[in-house]
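Understanding the architecture of this molecule
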Amino acid sequence: MKPLTMLAAALATALSTHAALSADDSLYKRLGGYDAIAAVTDDFLHRLEGDEKLGRFFLGLSDDSVARIRQHLIDLVCFSTGGPCAYTGRDMKTTHKGIDITADDWQRMLARFGETMAEFKVPEKEQHELGAIVAPLEKDIVAKKG
Ligand code: HEM
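The rules behind each value
Residues numbered from 1 in each chain as written. Predicted model: local features only at pLDDT ≥ 70, side-chain atom pairs only at ≥ 80, totals over all residues. Helix = DSSP H or I, 4+ residues; strand = E, 2+ residues; numbered from the N terminus. Expected span 1.5 Å × (residues − 1). Buried ≥ 20, exposed ≤ 12 C-beta atoms within 10 Å, placed from the backbone. Contact = placed C-beta atoms within 7 Å. Core = buried A, V, L, I, M, F, W, Y, C linked by C-beta atoms within 7 Å. Near = placed C-beta within 6 Å. Nonpolar A, V, L, I, M, F, W, Y, C, P; charged D, E, K, R; others polar. pLDDT = per-residue confidence, 0-100.

1. What to know about helix α4 (residues 63-80)
In this model, α4 (18 residues) spans 26 Å end to end at C-alpha, consistent with the 26 Å of a helix rising 1.5 Å per residue. Every buried residue belonging to α4 is among I74, L76, V77 and C78, and all of these are buried. Along its buried surface, α4 packs onto α2 (27-30) and α3 (33-50). The first or second residue beyond α4 is G82, which carries a positive phi of 95 degrees.

Here you go:
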């Protein structure tokens, strides 16, 4: 086989392997990998910042602080869905302690999350799997009353 033909054959194999996603693939892979997760994170963060109640949490942050939160969030989602990332940020309890996130804020965040899922046409199965990763974090993120 000529080198170019070999290259074309290798490329065809790679593409078909990529196209054939199976249910056994990691959630990370089924979501479309790193770039897709980064795009979803950007959309979600913009919705949080633009939300009339949640926007207050992001006031007064420098561009670099927002960029740091964004990168930590991408790494956390990437890592939690089985991707090749390490999460080096703080734990959820420490990160959100003292900013008084309420149960209502949490519901609003879930609503914005749902909008992002719809915007990116994330299939229901993957939405549920992501939801199952986020749900247990509520007890560490929402402030305890009293
Ligand atoms: C109503 C819900 C939420 C609000 C209002 C909120 C707000 C914030 C704010 C204001 C910060 C910056 C804190 C600081 O640096 O002083 C932050 C950081 C962060 N949040 Fe949230 N958050 C929410 C939910 C979540 C959820 C569900 C996740 C995970 C899926 C998450 C993951 C993170 C991460 C990874 C950081 C950066 C950690 C670090 O800097 O070490 N947050 N959040």
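2. Observations concerning the nonpolar core
Grouped together as the largest cluster of nonpolar side chains are nine residues: Y28, L31, I37, V40, F44, I74, L76, V77 and C78. Broken down by secondary-structure element, the contributors of at least two residues to this core are α3 and α4. It is α4 that contributes the most residues to this core, four residues altogether. Y28 has contacts with G33, C78, T81, G82 and G83, leaving out every residue within four places of it along the chain.

3. Regarding the site of the ligand
Near the ligand lie 20 residues; those nearest to it are F57, H72, G89, R90 and M109. Of all the secondary structure elements, the ones that give two or more residues to the shell around the ligand are α4, α5 (92-96) and α6 (103-119). If you tally residues by element for the shell around the ligand, the top one is α4, at five residues. Taken together, the residues that form the shell around the ligand break down as 13 nonpolar, four polar and three charged.

4. Details of the confidence of the model for the protein
Considering every residue of the protein, the mean pLDDT works out to 90; 86% of them sit at 70 or more. Of the regions scoring below 50 in pLDDT, residues 4-17 engages in one contact with residues more than four places distant in sequence or in other chains.

5. Digging into unusual backbone geometry
Most peptide bonds adopt trans geometry, and most residues besides glycine take a negative phi value. Despite not being glycine, D100 has its phi angle at roughly 55 degrees, a positive value. Using a count of 11 C-beta atoms within 10 Å as the deciding quantity, one classes D100 as exposed. Backbone geometry places K121, a non-glycine residue, at a positive phi of 50 degrees. Residue classification places K121 among the exposed residues on the basis of 6 C-beta atoms within 10 Å.

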